[in-house]
Structure formats: C-alpha cells, structure tokens
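These are the residues of each chain, in order.
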Amino acid sequence: MSTRGRRSDSSRVSRRSFLCGAGVALSLPWLPSLPARATDSGKLVAAPDPVEPPRRFACVFFSNGVEPEHWWARGGGGEMELGRALEPLLPFRNDIVFLRGLFNERAAAHKSPHLGRMANLLSGAWVSTEQDEIRVGRTMDQVLADRIGRETRLPSLVLGIEPTELRLEDGLSMIYGSAISWASATKPATKEIYPARAYDLIVGSGKERALDRSILDGVLDDARRLRGTIDGADREKLDEYLESIRHIEERIDRATRDGRLEGSRRAPVEPDMPRPAASLPQDVSEHMRLMLDLVVLAFQMDRTRVATLMLNNDLSQMNFGFLDGVKGSLHLDLTHNGHDPAREAMYLKTNQFHFSQFAHLVDRLRSIDEGGRSILDSSILLGCSNLLDGDKHEADEMPMVLAGRGGGTLETGRVLDYRDRGDENRRACSLYLSIFERMGISLPRFGDATRPLEGI
Amino acid sequence: MGDDVSADPDLGIAVPLFREFCFECHSGPRPKARLDLSEVVTKRRLEENLDVWERIVEKLEEGEMPPEDEAQPREADRDAVVAAIRSALDDATRTRLGDPGRVVLRRLTSAEYTYTLHDLTGIDFDFSDDLPEDAAGGEGFANVGSVQFLDSAMLERYIELAHRVASHALIGAGPLAFFEHPGETGLELSAVERIQSIYREHGFRATAGEQANPFGLDLYSHTFRVAWRFRHREALGLADATLADLARAEGISARFAAHVVSVLNEAEPPPPVDEIVEAWNEFPDPESLSREDLEQEIRDDSEALLGKLLPVQRRLAKRSRNPDEAAVLTRASSDVARALLERFPDSSQGEPAPSDRDPIPSVFDNAYNTPERNLFHARLKYYRKDDFLVAHILDDETRSRLEIAWDDLYGSFDYHDLLLRFVAEKHGIPLGDRGMETLDASWIAALSDELRPAVETWRSEYRSMRRAFARAEPGHVEDVVDFASRAWRRALDPEEAGRLRALYRDLRSGKRLDHPAAIRTLIARVLASPSFLFRIERSVCESETVVLDAYEIASRLSYFLWSSLPDRELRRAAEDGELDSPDGIAREARRMLQDPKVRRLAVEFFGQWFGFYRFDRYRGVDAERFPEFAGTLRSPMYEEAVTFFDHIVRGDRPVDEILFADYVFVDSTLAEHYGIDRRVLDAASPVEGSEAGFVRVDDAGAVHRGGLLGLGAVLTVTSAPLRTSPVRRGDWILRRVLGKPVPPPPPDAGSIPADDVAGDGKSVRERLEEHRRDPSCARCHSRMDPLGFALERFGPTGGWREAYRDGRSIDDSSTLRDGAEVGGFAGLLNALAERRDDVYRQLCEQLLGYALGRSILTSDRGLIGEMVAEIDENGGHFSALVAKIVASPQFRFRRGAGGDRSPTIELNRSETEAGRDGPTNDERP
C-alpha cells in the first residue's frame with residue numbers, strides 16, 4: 001500500500017516540480033528529498049533504493065581489438081599501472097575495473113573470423129551461417145532495455161558512427177558487423193548514426209505526434225486485416241510491424257506522461273547542448289564526441305538508462321589519418337599491419353584514441369552531480385572490443401574495462417585476471433549476469449553462462 | 001534402422017566415409033554447424049533434405065570439408081561419394097523441379113522505397129539520410145525478406161517520411177498532384193510553372209512590361225496563310241478541311257485561326273485594320289500560279305504582311321501595352337489604337353512569366369520603378385491579364401488548366417485580401433477587419449466609380465476561386481483512394497476505400513483539420529501502411545502451391561526489373577488478364593526491359609552482385625595517397641559501371657559481354673586516368689542519353705579495358721586502401737564471377753603489410769609465395785592468388801601501370817592451380833573463357849536469386865540448366881534470360897509456409913527450441 005501512497009504523492013508534486021525544472025535545469029542538484037516513483041520492485045533482487053538516482057549502463061565498443069603487447073594493467077587504485085593502450089584512462093584509475101580473460105565460447109569457435117565473432121559480443125550467442133536468415137541472440141543491453149527501459153522515454157539508445165554495409169562477407173551479411181545491440185535473436189536494434197536524430201529522440205517532446213494516432217489506428221487496422229491473408233514466416237514479419245506500432249503507441253503514452261515521471265526526480269528538462277547539424281559530421285572524432293555527449297545528455301535528462309555506442313563497425317574502413325603520425329584505415333592498414341613496427345605503432349594510437357573516447361564519457365559523467373554523487377557513481381560503463389589481438393582475430397579473450405560504481409555495487413580501482421580460472425569461470429556472459437544483478441535484474445542464465453562472474 | 005545403413009539405398013556408399021571422417025563433429029547432441037550427418041544419412045530419405053544434401057556435396061566438391069587439419073578421405077573415395085550423391089540428387093530433383101520455394105514477405109528496400117515514391121509522385125526524393133539501412137541475404141541481395149527487419153524506430157521513420165511526401169501534395173483547385181516543393185509555397189510555384197508553360201507554349205499574353213521582347217508574333221504570318229487556304233479551300237482541293245484542320249496542319253491554335261479569319265472577313269474594318277485586311281485580300285488566287293510557285297508566293301506575302309503589321313503595332317503600343325496610353329503617346333486616337341491592338345495584339349513577351357516587368361492593375365500607378373508599383377510586386381507579385389489569350393487562342397482543355405493554375409496561385413496565399421488592403425491603403429478607405437470573404441455591399445457601394453468595378457471584379461475572381469477549391473475537395477479524397485491503389489499495387493476492396501474515406505471525414509469533423517491537412521494525413525496514412533511498405537503476396541492456404549494473382553505478378557515483374565511499382569501499362573496488362581500466361585508475362589518483361597527505368601537493375605542487381613553498389617560514396621581508398629579518387633575519379637567510375645550494365649540490359653546484349661565486351665564507356669576524366677588517347681576519345685561515339693558526357697570507345701582491348709574486370713569501380717573495391725590486393729581480387733573472381741568461393745581464412749592467418757612498398761623490400765608477391773609454402777594456406781591461395789596477380793597491372797584505383805611506385809617492375813603472369821599459365825589481363829580473360837560454364841551458372845543463379853528474393857534451391861537446377869542452355873544455344877541475350885525467369889513456375893507461383901515443412905526443418909526447429917545450440921537469450925524468468 002505504501003507504494004500506492006507514494007505514487008499519488010509524486011503525481012501531486014510532479015506538475016509543480018516539472019514546471020520548476022523547466023528552464024532552470026542543469027546546475028540544479030539532484031533533490032533526494034522529493035519522493036521518487038516506486039519501481040515495480042516485487043520481482044527484483046537488490047532493487048535500487050527508489051530515492052537514489054537511477055542506475056545506468058552504457059557500452060562503448062570499438063572494433064578490431066588492440067595491440068596485445070600494450071594491453072595490461074597492474075596494481076590497484078591510484079597506484080594502478082596501465083599498458084600504453086589504456087593511457088587515456090590514467091586519470092581515472094580509481095574509477096575503473098580492468099578485466100582480463102573474459103570470452104564468448106561461441107564466438108571463439110566460429111569460423112568466420114570477423115562477423116562470427118562480433119555480433120555476439122553482448123549475447124554470447126551463435127552467429128548463424130545460414131544464408132537465408134539473420135540470427136544471433138538478444139543482447140544484454142536490450143534485456144536491460146526491456147526491464148528498466150520502461151521507466152524512461154527511450155528504452156535504450158543505440159548509437160553508431162558508421163552505416164551498415166550492404167554486402168556479404170564470407171557469405172555472412174554485413175549486418176553482423178554493424179550491430180552490437182540486438183532486440184531479438186533475429187533483429188538488430190536500429191542504430192542511429194546521425195547526431196541530430198539521436199538528439200531529437202532524446203529531447204523531442206513527442207507532442208507533435210498527436211496526429212500520428214489516427215495514422216497508427218489506420219495502419220494497425222490494415223496490418224490486422226492483412227494478417228488473415230498471409231501465413232507462416234510472412235505473418236512473423238507482419239508481426240514485427242504490429243509490434244512496432246504497439247511500441248510507438250507506448251512511447252507516445254510515455255512521452256505525454258513525462259511530466260509526472262520526470263517531475264519527481266527533477267532531472268533537467270532542458271538540454272544543455274544545441275541540436276547538432278542535420279548532416280553526418282565529416283570529422284570522425286567530432287562525430288564520436290557528439291555521440292558520447294548525447295549519451296551523457298540522455299542520462300542526465302533521464303531519457304534513457306541504457307546506451308550502446310559502436311565507435312566503428314567490424315571490418316571498418318574508417319581512416320585514421322586525422323591522428324598525428326597515423327596513415328590508413330583501421331581494418332586493412334592498421335589492424336592487419338604485418339607486424340611492421342611503424343604500423344603497429346599507428347594501430348596502438350587508434351587503441352588509445354578509442355580509449356580516450358571512453359575516458360571522455362567517464363570524465364563527463366563523473367563531473368555531473370546528482371545529489372552528492374555523480375552519474376558515474378550510479379553507472380556501469382563497459383569499454384570493450386570483441387577481439388584481443390585484432391590482427392589474429394583472437395576471440396579467446398576480449399579486451400574489457402568497466403568504469404563506474406553501479407550505485408555503490410561495484411568496487412573500482414581493481415585489476416581482475418580470469419585467464420587461468422578455467423573456461424566456466426571466465427565467461428563474458430557471467431559478467432553480464434553480474435551487471436544485471438547490479439541493475440536490479442535477476443536472471444538464472446544468460447548466453448552461455450549460468451552464474452555471475454566471481455569476484456567482481 | 002541400423003547406423004550403418006543409409007535411408008537411401010543409393011547412398012549406402014556414403015555412410016562409412018561420413019562415419020569415419022565427419023560424424024565426430026557432425027553428430028551427437030551438439031553437432032557443429034547444427035548439421036547432424038548421422039541423422040541426415042541414416043534416418044532421412046534424400047528427397048526430404050535436398051538442400052542439405054546440396055550443401056554437403058558442395059563442401060565435399062570444394063574440398064572444404066573435412067577441415068584442413070583433420071584426417072582426409074582418399075581422393076577416389078571422395079569422388080565416388082560425390083558422384084553417388086550427385087546422381088541421387090539429380091534423380092530426386094527431377095520430381096521437384098520448379099518448386100517455387102519459400103519466399104518470405106519482403107519489405108521495400110531503401111532503394112525500392114525511393115524509386116517507388118519517385119514513380120508515384122515524380123519527385124526525386126533524397127531519403128539517403130533518413131531510410132533504415134538494409135542488410136544483405138540470400139544470394140547477397142537486399143531484397144530478401146527473411147533477412148529484413150522492422151522495429152519501431154524504423155516505423156517511426158517511415159511515418160516521418162510519409163508525412164514528408166504528403167507535404168509535397170498539391171491541394172488546390174485541380175486534381176491531386178505532387179510537386180518538388182512542399183506546402184503552400186509548392187502550390188504557388190507549381191501554379192506559376194503551369195501558367196508559364198501555357199504562356200510559353202502559346203505566346204500572346206496580353207500584358208508585358210517595358211523592355212519585354214515581342215514573342216510569338218510570327219504566328220500571325222502562319223495564320224494569314226491558314227486564313228488564305230481556308231478561303232480557297234475548294235480551289236486547293238481541300239474542300240473537306242475545316243479551319244481547325246488547316247490550323248492544326250500549320251501548328252496554329254484553331255481558336256486563334258478562327259479569330260484572325262473573322263477579323264479578316266469583317267465587313268467594315270476600322271482603320272488601321274482595314275489596311276491589313278486589304279493587303280490580305282490581295283494574296284493571289286490559287287488559279288493564278290503554278291502549284292510550286294503558289295506556296296512560295298503565299299509564304300512571302302504572309303511574311304510581308306507581318307512586316308507591315310509590326311511597325312503599326314509598335315508605333316501604337318510604344319512604351320506601353322496599354323491601348324489608352326499608347327493612343328496618347330502616339331497622338332492617335334485611342335479608338336484607332338484599340339481597334340488594332342484588340343484584333344492583333346502585339347503583346348506576348350520573351351519572358352512569359354508573372355513577373356515584375358508586368359504592369360499592375362490600372363487603378364494603380366503603372367509607371368515603372370515607382371514606389372507603388374514596386375510595393376505591388378513585392379506584396380502581390382502577380383496580376384493576371386490574359387484576356388486575348390483565353391478568348392482567342394486557348395482550346396477548352398487548356399483554358400480549364402489555366403483557370404485551375406490561376407485559382408491555385410490565388411489560393412496559395414491571401415492574394416485578394418492583400419489586393420483589397422493595398423487599394424484601401426492607397427485611397428485611405430477604412431477597411432477594418434474586412435477581407436474578401438466578409439466584404440459588405442455598402443462598403444463596395446461607397447467606392448469611387450473608378451475603383452468599384454475593379455473591386456467587384458476581384459471579388460468575383462476570389463469567389464470563383466473559393467468555389468473551385470470547394471468543388472475540388474471530394475475529388476481529392478477519391479484521388480487519394482486511387483493513389484492508394486497505385487501505392488499498394490493492387491485494386492482496393494470497397495471496404496478499404498470506405499475506410500480511407502471515413503478517416504478523411506473523421507479528420508475533418510472530428511479532428512477539425514482543414515481540407516489540405518486532412519488530405520495530407522490521409523496520404524501519409526496510405527504510405528505508412530503495411531500494404532505499401534511490404535510486398536504482400538496473399539496466400540490463404542498454408543501448405544499448397546498457389547498461383548500468384550495478376551497484380552502480384554505485376555509487382556514481381558516491376559520490382560525485379562525496375563525496383564519499383566508497376567506502371568500504367570503493366571497495371572492494364574494485369575487487369576486485362578495478359579499476365580495469366582507465361583508468354584504474356586514474358587512479353588511484358590521484354591517491354592519493360594526497354595524502359596530507361598531498367599538502369600535501376602544495373603544499379604541494384606549488378607551493383608550488389610559485383611560490389612560497386614553505392615560506389616559513389618566509397619571510402620575505402622586512402623585519401624592522402626590518392627587525393628584525386630574522391631575528388632574526381634569516384635563518380636565517373638561509378639557512372640562507367642552503371643552505364644556498362646545499363647547497356648548490357650537495355651541494349652539486350654549477349655551476356656558474354658559482361659566479361660568479354662570489347663568496348664568501354666568513359667568520360668574525359670576516366671579516359672585520362674585509363675591512359676586512353678585524346679584522339680581515340682574524340683573519335684568515339686557519345687552514349688545516348690548520357691548526362692555525364694560518356695562516350696563508347698571500341699576496340700577496348702588495345703587500351704587494356706573492356707568488360708567487368710576492366711571497370712575502375714571493380715578494380716578499386718577489390719584493392720586495399722594503399723595498394724592492390726591480389727588475394728582480394730582473386731577471392732572476388734572466385735566468389736562473385738565464378739560462384740566458387742574459398743572458405744574464410746583461419747583466424748590467425750596473419751596479414752601482409754598495408755603498403756606495397758614496405759621496409760624490408762619484399763614484394764606482395766614474395767610474401768604470398770612464402771605464405772603458400774604452408775600447404776594448408778596453399779590450398780586456397782593457389783586458387784585465389786594467380787587470378788588476382790593477373791590483374792596486377794591495374795593499380796589500386798583502377799589505372800593502368802607499368803611499374804610499382806618504387807620503380808620495381810610488375811609481374812602479372814601466374815600459374816593457375818590446374819597448371820595453366822596466365823599472362824596478365826588478356827590471359828585471365830582467356831582462362832575465364834575456358835570456364836564459361838561456371839560464369840554462366842553463376843549469372844543465372846544470381847539473377848534468379850535476385851528476381852525471387854531468396855537463395856537458390858536444388859529444385860532450381862532445372863531452370864538454371866535451361867537458362868545456361870539458352871546462353872549456349874542463342875548467345876544469351878539478356879532479355880531471353882529474364883524471359884526464362886519470369887515465365888518459370890518459381891516466378892509465377894508461391895508456396896505456403898506449410899509446404900516446406902519437411903521433417904528436417906521441424907527437426908532443426910525442435911533442436912533450437914531444446915537449446916541444442918545453446919540458449920537463445922529469449923528466456924524470461
């Protein structure tokens with residue numbers, strides 16, 4: 001009953017606080033004294049305290065692995081020593097957990113050295129080699145989106161820098177190399193690569209959608225009628241359409257309810273960044289920076305609590321000529337460098353560049369206060385690639401770094417090495433189960449793992 | 001059944017071999033690649049598993065299985081098993097030939113969506129930043145339903161785009177149409193364009209400003225001739241000809257001819273018209289001259305008469321087109337001026353536009369460049385004065401189009417209200433909040449005698465415009481219903497049409513939208529419908545093979561050949577039952593292959609097959625090393641490839657030319673890049689209809705070009721950013737051209753340096769030779785590398801080169817796996833000519849896979865065989881291959897989902913469900 005009481009409380013104050021928040025925004029501290037809306041905590045294990053800031057998860061991915069020689073960390077806390085690939089994280093040694101030895105068994109066993117070892121990064125699933133289907137597995141971020149995404153306007157934010165290539169690689173669709181977030185085993189979550197569009201998703205009011213209702217009603221009717229005239233797999237495809245309509249309607253509902261939802265927590269309601277230009281940024285580092293800032297914005301405004309960002313696609317032709325002393329494209333020139341020392345050095349620079357992006361996210365989230373704790377304190381961030389040595393397509397271990405304290409559930413400033421603990425004890429999916437727990441979700445198994453990661 | 005016994009007696013020989021070499025991985029509870037060979041071999045009959053067996057035998061034939069590092073069967077044993085499986089497969093497929101296979105519901109690809117909307121609206125939308133990205137599947141194409149997805153983010157974009165398209169609808173006094181500019185501005189600009197085009201076509205607009213050039217006055221001389229012929233029609237043997245016929249023959253408006261004839265036959269024409277009439281009356285009689293001289297004489301006389309008319313007009317109308325003013329200026333009486341200019345107006349102009357050169361209504365100050373006139377042009381922009389054109393030139397149909405255009409122009413902004421305010425301001429008459437709609441009789445009555453008629457005219461213009469808009473409304477709703485039928489590519493059933501009408505009514509009365517907003521919403525709703533976004537093929541029956549209906553066939557045809565919806569002719573053919581027979585379908589296909597829209601087949605099919613799709617945005621070349629690539633080369637290279645395949649398709653060339661064409665299409669940039677001599681270029685024939693200035697250079701072998709392998713785009717996408725990649729090129733030839741791909745390299749295969757000039761001085765060739773010393777590498781590389789090295793004289797951006805960057809010479813000779821020596825590009829072509837069958841088979845499979853939107857099945861072998869035979873026997877003109885496909889049962893029929901539910905497939909499903917392949921991550925606690 002107490003839940004109900006609180007809810008009505010919050011709806012009473014919400015409109016006022018919503019109005020207060022409007023226009024004042026960013027410098028306002030988190031106000032824990034305001035009652036928060038209760039989550040449906042009945043089924044949840046270790047539910048976050050409802051008056052605490054919400055917990056967030058983000059994954060920043062880069063393709064093509066790292067220069068293995070420079071991938072190491074020793075010691076702990078402020079004394080932690082980092083390999084050169086991780087240099088940009090030096091100022092954040094106290095905020096990270098360095099992980100060694102985690103892997104996805106089905107990726108390591110896959111014959112396709114790129115696509116078979118990438119799309120499954122966050123699911124541990126098998127990448128189908130059938131020509132007539134696309135199938136991997138639902139990824140952990142989308143499981144999170146499903147469970148905690150209902151509380152925010154956007155279940156999750158799925159971002160990228162490079163578009164999907166339209167071709168097969170080794171007989172596999174390049175979609176596998178272009179998506180780390182999968183809404184279902186057969187469907188990648190739509191990845192947004194345009195900063196302006198992502199901005200609109202986060203900031204847009206949703207009010208302009210009122211008219212879409214009559215359109216949605218109409219086409220829903222079409223779909224239902226058509227459904228009776230087709231069969232089997234066709235019907236499944238049409239069901240994706242029906243489901244999409246339902247999701248849009250939910251989102252419209254949620255957007256119109258936002259006043260109440262947001263009011264209780266006094267997240268800023270005005271963005272502190274301008275709408276980016278409508279076209280794709282030509283400058284890669286500017287593009288990445290914008291996308292990271294959008295993740296920060298979405299977390300700050302509490303428009304979503306789950307985000308993934310692909311800094312590059314697999315087999316990326318992203319040209320790193322903009323880095324001092326670097327020439328050539330990521331995959332062919334720099335990753336597969338033929339052990340030419342000059343090229344290896346350039347490859348290392350791209351590793352560092354990728355971690356400087358991750359560091360930027362850590363830094364920004366650390367600097368935003370939500371009532372005595374930073375957003376970083378409430379978050380778990382995963383910076384990773386799917387291969388260790390990109391040149392060798394080495395999937396027996398993946399480079400992974402965590403940052404953030406998960407609302408006090410994750411002890412940082414540590415180095416954890418799982419390499420000699422046996423395959424059962426070094427599954428990436430165990431890490432995902434551990435992250436689920438910290439986000440208040442209990443699952444008996446995920447991917448190839450049936451228990452959380454030990455010692456994390 | 002025992003484990004050693006095959007379920008198929010003919011395959012008994014295979015069991016021991018599989019047991020020894022394959023079962024270890026491919027059996028048990030978790031077989032690799034989800035293939036349980038022990039199940040397939042011992043428990044199931046072959047015909048239940050045709051496609052599985054096809055794959056098994058392919059792996060054996062290619063030596064891909066067992067894997068390198070496992071024990072291998074003896075070659076003779078392997079060959080015997082392959083032969084047995086092949087023969088069993090042939091027997092089994094004979095009974096299933098032509099099975100349409102399972103084609104999963106297809107969503108329009110991004111390209112199809114764009115083309116379809118172009119063909120629906122005539123607008124070149126650029127959706128490239130907005131559309132969801134496609135994935136490839138099946139034989140490697142985006143149009144495969146089973147690998148397409150839809151989620152809410154994508155649907156939202158579709159809805160957004162539907163709104164965007166709807167904003168381009170023209171909703172005015174005429175029927176629904178679309179225009180490149182959206183909204184009210186679109187209506188205004190479109191109206192101006194339509195008005196201009198009518199004026200331009202007919203000349204004679206009765207207003208024109210200073211410095212305007214006379215335009216179309218030569219029509220008079222034509223009309224004098226027509227009038228003469230009409231008078232003497234009997235003597236000229238034209239007794240049956242009407243004036244309209246004679247006018248048409250001379251290219252003159254019948255109405256204009258009638259006007260001129262009536263003036264020339266006036267009983268007592270006033271001066272100075274009488275001079276013109278008199279001169280015309282003096283044209284010779286037909287009898288007075290020989291036939292040949294007569295024509296010339298009449299021509300001369302009518303030109304002379306025009307020469308007489310023009311100075312009079314010019315004098316009278318000097319510095320103004322206003323007869324009253326002209327009369328004053330020339331000291332002629334205004335009657336004289338009016339008498340001539342009303343009958344033979346001098347107006348019309350070089351710039352047939354509503355423009356600021358135009359005079360403004362006579363109640364205002366008409367002197368050029370005065371504040372008042374400038375303000376009028378700034379605020380109102382347009383003033384209609386085309387009485388003569390309407391009364392004496394335009395035919396009824398054009399008149400009505402012109403009326404609609406002017407109504408649209410008036411209705412696109414508050415023209416008449418502005419006009420009213422303008423006049424009220426000028427004369428200091430209080431207007432209050434009156435507008436045209438609310439103008440009261442007493443206000444009008446109080447106006448001066450000069451102003452009153454003008455305002456009354458404007459008001460009636462305004463009211464007639466409002467009436468025209470109101471009259472058009474019901475038609476727009478029906479236009480959207482018709483639009484829906486085209487967009488959904490089928491006839492609407494009455495209920496569907498009824499629901500669209502009901503939505504319109506609801507938007508008007510319930511949602512209180514105005515008419516244009518309601519129509520736009522209705523259009524957006526049509527374009528967001530699954531009937532538009534998906535290519536629905538109805539199949540009520542789960543298990544049976546059904547024939548597609550005529551509309552579904554029409555769509556299959558149009559999306560195959562045009563990546564878009566059926567055109568009017570194809571819809572007619574569907575309605576008239578012409579698509580009920582294979583011959584009728586093939587006939588339509590041949591017609592469609594002549595349409596310029598088949599360029600899209602060159603872009604979509606050949607582009608995706610050969611990998612130059614979206615090459616115009618290709619970024620895989622190092623911009624520092626090759627700055628000219630993105631700047632000047634990329635776009636003509638793309639054009640070269642598309643032009644080449646457009647030529648193959650629309651020119652209906654023998655498909656052999658894809659590889660062996662002895663011509664090349666280049667522009668001057670490419671010619672320079674390819675080292676084609678300027679003189680050769682100048683002598684070459686331009687490509688018909690090429691906007692990019694492409695020419696066709698024959699005898700291309702002499703300049704190391706011709707066919708697929710000489711295309712700049714192809715040579716570039718198969719290179720690394722800094723250097724050529726013989727491995728990639730060889731792999732590409734095997735995979736895409738010959739259809740015999742090598743398996744992916746082992747993950748730790750290693751790599752060679754990105755640049756061709758590396759520190760240790762070793763060439764790419766030397767490195768690959770080292771690599772091939774490892775026998776496990778050699779098996780694939782001995783197939784790939786020699787093919788790639790033959791193209792080594794083509795640089796990384798497709799140019800011809802004689803040496804590497806560091807001056808080392810290029811060795812483009814190589815030895816194929818079968819020992820054949822190949823010398824460079826020409827040698828490679830010879831080698832490929834030896835393997836024509838593989839090339840043909842690959843072409844047929846790709847084309848069929850693209851046409852059907854699915855992978856090739858074993859049951860397609862018959863059709864593929866027929867197509868290959870067609871090439872062998874008749875040279876394989878492109879249209880003949882297309883005809884084979886569209887007439888096939890695969891193309892004309894559809895299989896329900898139940899039809900392919902063979903035991904294997906169910907077995908696979910249950911395996912997955914049982915978590916045999918691991919949890920699917922769909923678990924929910």
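Just so it is clear, the model here is predicted, and its values are computed rather than measured. (Residues numbered from 1 in each chain as written. Chains lettered and ligands numbered in written order. Predicted model: local features only at pLDDT ≥ 70, side-chain atom pairs only at ≥ 80, totals over all residues. Heavy atoms only, no water.)

With 87 residues of chain A at the contact, the number on the chain B side is 99 residues. Buried area between chain A and chain B, both sides added, is near 7,800 Å², and the carbon and sulfur share of it is 51%. In this structure, the connection of chain A to chain B is made through 10 salt bridges. Salt-bridge contacts for Asp222(A) lead to Arg525(B); the nearest nitrogen and oxygen are separated by 2.8 Å. The interface formed by chain A and chain B holds 18 residue pairs in polar contact (both at pLDDT 80 or more) in total. It is helix 6 (residues 232-263) of chain A that provides the largest number of residues to the side of chain A that touches chain B, a total of 12 residues. A per-class count over the side of chain A that touches chain B returns 29 nonpolar, 26 polar and 32 charged. (Contact = heavy atoms within 4.5 Å. Buried area = accessible area lost by both parts, 1.4 Å probe. Salt bridge = Lys/Arg side-chain N within 4 Å of Asp/Glu carboxyl O. Polar contact = N/O pair within 3.5 Å; in protein donor to acceptor, adjacent residues only side chain to side chain. Helix = DSSP H or I, 4+ residues; strand = E, 2+ residues; numbered from the N terminus. Nonpolar A, V, L, I, M, F, W, Y, C, P; charged D, E, K, R; others polar.)

Residues and elements named next belong to chain A. Residue position: Leu 431 is located in helix 11 (residues 428-438). The sequence separation of Leu 431 and Ala 179 amounts to 252 residues, and the corresponding C-alpha distance is 20 Å. When sequence neighbours within four positions are dropped, the list of residues in contact with Leu 431 reads Leu 99, Leu 102, Met 400, Leu 402, Leu 453 and Ile 456.

What follows covers the confidence of the model for chain B. All names here are of chain B. Here chain B averages 85 in pLDDT, while 89% of its residues score no lower than 70. Confidence drops under a pLDDT of 50 for residues 206-212, and excluding neighbours within four residues, the segment shows 25 contacts in the predicted structure. Every residue in residues 348-352 scores below 50 in pLDDT, and together they form 24 contacts with partners more than four places removed in sequence or on other chains. (pLDDT = per-residue confidence, 0-100.)

Residue and element names in this part refer to chain B. Side chains Val 695 and Val 697 project from strand 8 (residues 695-698) onto a buried face, and the interleaved Arg 696 and Asp 698 project onto a face without burial. Looking at chain direction, strand 7 (residues 685-686) and strand 8 are connected through 2 bridges and run antiparallel. Following the sheet pairing, Ser 685 is matched in strand 8 by Arg 696. (Buried < 20%, exposed > 50% of the residue type's maximum accessible area, 1.4 Å probe, protein only. Pairing = 2+ DSSP bridges.)

Right, let's get into a negative patch on the surface. Residue and element names in this part refer to chain B. Taken together, the side chains of Glu 292, Asp 293, Glu 297 and Asp 300 define an acidic patch exposed on the protein surface. Mapped onto the secondary structure, Asp 293 falls in helix 12 (residues 291-316). Relative accessible area serves as the criterion here: at 44%, Asp 293 is assigned to the partly exposed category. (Patch = residues over 30% accessible without salt bridge, like charges linked within 9 Å, V, L, I, M, F, W, Y side chains within 5 Å. Areas by Shrake-Rupley, 256 points an atom, 1.4 Å probe, with all protein chains shown as cover. Lys, Arg positive; Asp, Glu negative; His and termini not counted. Charge placed at Lys NZ, Arg CZ, Asp CG, Glu CD.)

Attention now goes to helix 7 (residues 284-300) of chain A. Residue and element names in this part refer to chain A. With 17 residues, helix 7 should reach 24 Å at 1.5 Å per residue; the first-to-last C-alpha distance of 24 Å fits that figure. Of all 17 residues making up helix 7, 14 are buried, and the element is well covered by its neighbours. Immediately beyond the C-terminal end of helix 7, within one or two residues, lies Asp 302, with a positive phi of roughly 55 degrees. (Expected span 1.5 Å × (residues − 1).)

Residues and elements named next belong to chain B. Spatially, the 3 strands line up as an open sheet ordered 6-8-7, and their pairing is antiparallel. Every interior strand has two partners, whereas the edge strands, strand 6 (663-666) and strand 7, have only one. Sitting on the sheet, helix 28 (residues 627-650) is in contact with strand 6 and strand 8, with an inclination near 135 degrees to strand 6. (Axes fitted to C-alpha atoms, helices over the stretch in contact; angles between N-to-C directions.)

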